[in-house]
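Observations on the model geometry
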Amino acid sequence: RQYQHPLQQVWPDDFVQRYREAGYWRGETMTAFLREHAAQHAGHTAIVGYTQGVLQRWNYAEFWRRVETAAAGFLALGLAPGDRVVVQLGNVPEFYSVVFGLFRAGLVPVYALPAHRITEIAHFASKAEASAYVALQQYEGFDYRTLARELKAARPTLEHIVIVAGDAGEFTSFDAFEPHPALLPVQDADPQSVAFLQISGGSTGLSKLIPRTHDDYIYSFRASNEICGITPASVYMVALPAAHNFPMSSPGAFGALYAGATVVLSPSPSPEAAFPLIAQEKVDSLGLVPPLALLWAQAAANTGHDLSSLRVLQVGGAKLTPEAARRVIGGLKCQLQQVFGMAEGLVNYTRLDDPEETIIETQGRPISPADEVLVVDDHGHPLDSGKTGYLLTRGPYTIRAYHNDDGANTRSFTEDGFYRTGDVVTRTPDGYLVVQGRATDHINRAGEKVSAEEIEDQLLAHPQVFDATVVSIPDEYLGERSCAFIIPKAGETPRSPDIKRWMRERGVAAFKVPDQIVFVDSFDTTAVGKTSRKELRTRLRAQLLDQD
Ligand code: J2J
């Protein structure tokens, strides 16, 4: 196979040439544009956000100074260019000084979410063969030094643990990093090398790692800026978790920083946290998942905060139904933009000047003329527009392989390099996509994707569980929620709160704990052995919905 060097780009040579010649890949790096902004408009505000309750405001010069200090600090620990570093930070300005510091040092961040716990973090550390872990001392009431200790015990080869803000305890303190200009690399990274590893929604089993290169990722947010109207005067809010691909790159904080605009971090996506910041900083664009957009539309109707600076509200991560789209438009008096994207690459947007019907009824069209989109049937044969099928894609910012995962690569990519998105879509004659559902069994819980298989595996480890099948069911607020059907072992009568608590205590992200548990004697009376898990999930889901 061609994926010998997992940290190098894996597009075949003819595609590399094509994407360069077309000007999509320009040989830019994640650090060059920041350095330039620091020189050209040093005093312009780059980042505003809270660290442990204290509001910080960094201009581009200050931000760049912090990036260089971070870079030198990581290198002074003995980390070497190319080393992977698991980063678990919340919506704090340091999220950006850490990750850009890692880019500046030629180190490769692996983005974890604040909700992840030891099970997920240990998995990322192994898959990435990480040398270091960076976390906040505490965030949303959780002390990450506890997790760091468990990680150290589970992964003795992980050498460095760096704690940001607060008492680092026995670990290295990020706040104590000092500038060492002599340690910094003279040259920026190779634009075609992997800049970071993003995590997949995990449609089957554990999350996979997504290698994104400087060239491909920069193209995706540079082009997004144009589509979303981001200029140096823009003020973009990160309301979803900063590590998510959506608020990072569509156009996200990275797009905003590339444009030389201002990024405002909301400590939480709730209207109570975000509305005062929108009013104070005159935020003009941001992205939300559908349940939050609906909540915001409701809250906006009777808020005392001035939201008139809002120009564009982007909604994505899960399907926004036409009815919900109308409610969002009615509640928030700004332009709605639907975004259908994925951390693996392809992002679709409705355009700001599209007719309202397109904005309400579709999930947009691809960023790039070079995005190849196929809608295929069960046998992989391409279908005409108007027909519903599986979405396959390939293009200048869609990966060709996961990092260090041959099994997933065989399943998830076609022979000719198309990524199997797992989404079921219809394409309109003018190239817009309407998401109809998906082929893979995951629960899209308010934009957080949880693999049914991963939860089932967790549940099977419980001493009272004989078998478990997890399905998604519609939820008024979350869009979908998870329901676990459990067959207890003979003679056992487990209780659902105990199982949920047991799962949390095992150290998995809270959003993976089943929302609902139904105990059953058996899954079916007929031919269980011959039924696939997938069919079983479909059947159990239907039975449950019938009862309602
Ligand atoms: C239906 N399903 C959607 C939408 C994503 C921008 C926006 C979102 C993501 C993201 C992202 C959807 N309607 N509007 O990375 O840059 C579901 C699909 C898709 C999966 C990807 C971005 N928008 N989805 O959500 O990697 O099933 O990325 O394949 O988290 O979310 O999830 P994720």
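Fair warning: this is a prediction, and the values are worked out from it, not measured in the lab. (Residues numbered from 1 in each chain as written. Predicted model: local features only at pLDDT ≥ 70, side-chain atom pairs only at ≥ 80, totals over all residues. Heavy atoms only, no water.)

**Describing the site of the ligand**
Looking at the ligand, there are 17 residues lining it, with Ser 250, Val 339, Ala 343, Asp 423 and Lys 449 nearest. Backbone polar atom of Gly 317 to a nitrogen atom of the ligand: 3.0 Å apart, as the coordinates give it. At 2.7 Å, a backbone N or O of Val 339 approaches a nitrogen atom of the ligand. Contact with the protein chains removes 92% of the 610 Å² of surface that the ligand exposes when unbound. For the shell around the ligand, the secondary structure elements donating two or more residues are α8 (245–249) and β16 (335–342). Ranked by the residues each element gives to the shell around the ligand, the list is headed by β16, at four residues. Considered class by class, the residues forming the shell around the ligand number eight nonpolar, six polar and three charged. (Near = heavy atom within 4 Å. Polar contact = N/O pair within 3.5 Å; in protein donor to acceptor, adjacent residues only side chain to side chain. Areas by Shrake-Rupley, 256 points an atom, 1.4 Å probe, with all protein chains shown as cover. Helix = DSSP H or I, 4+ residues; strand = E, 2+ residues; numbered from the N terminus. Nonpolar A, V, L, I, M, F, W, Y, C, P; charged D, E, K, R; others polar.)

**Thoughts on the packing of helix α4 (residues 94–105) against helix α9 (residues 252–259)**
Helix packing for two helices is described by the angle between their axes and how far apart those axes are. At a minimum axis separation of 13 Å, α4 and α9 run at an interaxial angle of 70°. With respect to their mutual orientation, α4 and α9 come out roughly perpendicular. Every residue of α9 that contacts α4 at Tyr 96, Val 99, Phe 100 and Phe 103 is listed here: Ala 253, Phe 254 and Leu 257. Looking at side-chain class alone, the contact of α4 with α9 contains seven nonpolar, no polar and no charged residues. (Axes fitted to C-alpha atoms, helices over the stretch in contact; angles between N-to-C directions. Parallel < 35°, antiparallel > 145°, perpendicular 65-115°, else oblique. Contact = heavy atoms within 4.5 Å.)

**Section: the sheet that holds strand β26 (residues 479–488)**
Sheets are built from strands that pair by backbone hydrogen bonding, the pairs being arranged parallel or antiparallel. A sheet is described by the order of its strands in space; here three strands give the open sequence β25-β26-β27, paired in mixed fashion. In this open sheet, the two strands that pair with only one neighbour each are β25 (465–475) and β27 (516–519). Each strand of the sheet is rotated relative to its neighbour by a mean of 25°, with strand direction disregarded. Two strands pair when backbone bridges link them, and β25 and β26 are joined in this way by 10 bridges, in the antiparallel orientation. In the strand pairing of β26, Asp 475 is matched with Gly 479. (Pairing = 2+ DSSP bridges.)

**Comments concerning the environment of Gly 389**
Mapped onto the elements, Gly 389 comes out in strand β20 (residues 388–394). A residue is classified by how much of its surface remains accessible, and Gly 389, at 5% relative accessible area, is buried. It is 51 Å that separates the C-alpha atoms of Gly 389 and Thr 172, two residues lying 217 residues apart in sequence. Sequence-distant contacts of Gly 389, that is, excluding residues within four places in its chain, are made with Val 375, Val 376, Leu 383, Asp 423, Val 424 and Val 425. (Buried < 20%, exposed > 50% of the residue type's maximum accessible area, 1.4 Å probe, protein only.)

**Describing the packing of helix α2 (residues 32–40) against helix α3 (residues 60–76)**
Axis separation between α2 and α3 bottoms out at 8 Å; the angle between their running directions is 135°. Taken together, the axes of α2 and α3 are oblique relative to one another. Of the two possible hands of crossing, α2 and α3 adopt the one that is left-handed. On α3, the residues touching Leu 34, Arg 35, His 37 and Ala 38 of α2 are Tyr 60, Ala 61, Phe 63, Trp 64 and Val 67. (Left-handed = near helix turned anticlockwise from the far one by under 90°.)

**Things to note about α4**
Between its terminal C-alpha atoms α4 stretches 16 Å, which fits the 16 Å expected from 12 residues at 1.5 Å a residue. Burial analysis of α4 places 12 of its 12 residues in the buried class, which makes it a mostly covered element. Three or more residues of α4 are buried, namely Glu 94, Phe 95, Tyr 96, Ser 97, Val 98, Val 99, Phe 100, Gly 101, Leu 102, Phe 103, Arg 104 and Ala 105. Backbone geometry just downstream of α4 places Gly 106 in the positive-phi region, at approximately 75°. (Expected span 1.5 Å × (residues − 1).)

**Some remarks on the packing of aromatic side chains**
All chains considered together, the criterion is met by 30 aromatic pairs. Between Phe 33 and Tyr 258, the aromatic rings sit 5.0 Å apart at their centres with planes inclined by 65°, giving edge-to-face as the arrangement. Of this pair, Phe 33 sits in helix α2 while Tyr 258 sits in helix α9, and the two are 225 residues apart along the sequence. Both rings, one in Phe 413 and one in Tyr 419, keep their centres 5.5 Å apart while their planes meet at 45°; by these two values the pair is tilted. Overall, the relative accessible area of 5% leaves Phe 413 in the buried class. It is Lys 208 that lies over the ring of Tyr 402; its NZ or CZ is 5.3 Å from the centre. (Phe/Tyr/Trp six-rings, centres within 6.5 Å; stacked < 30°, edge-to-face > 60°. Lys NZ or Arg CZ within 6 Å of the ring centre and 35° of its normal.)

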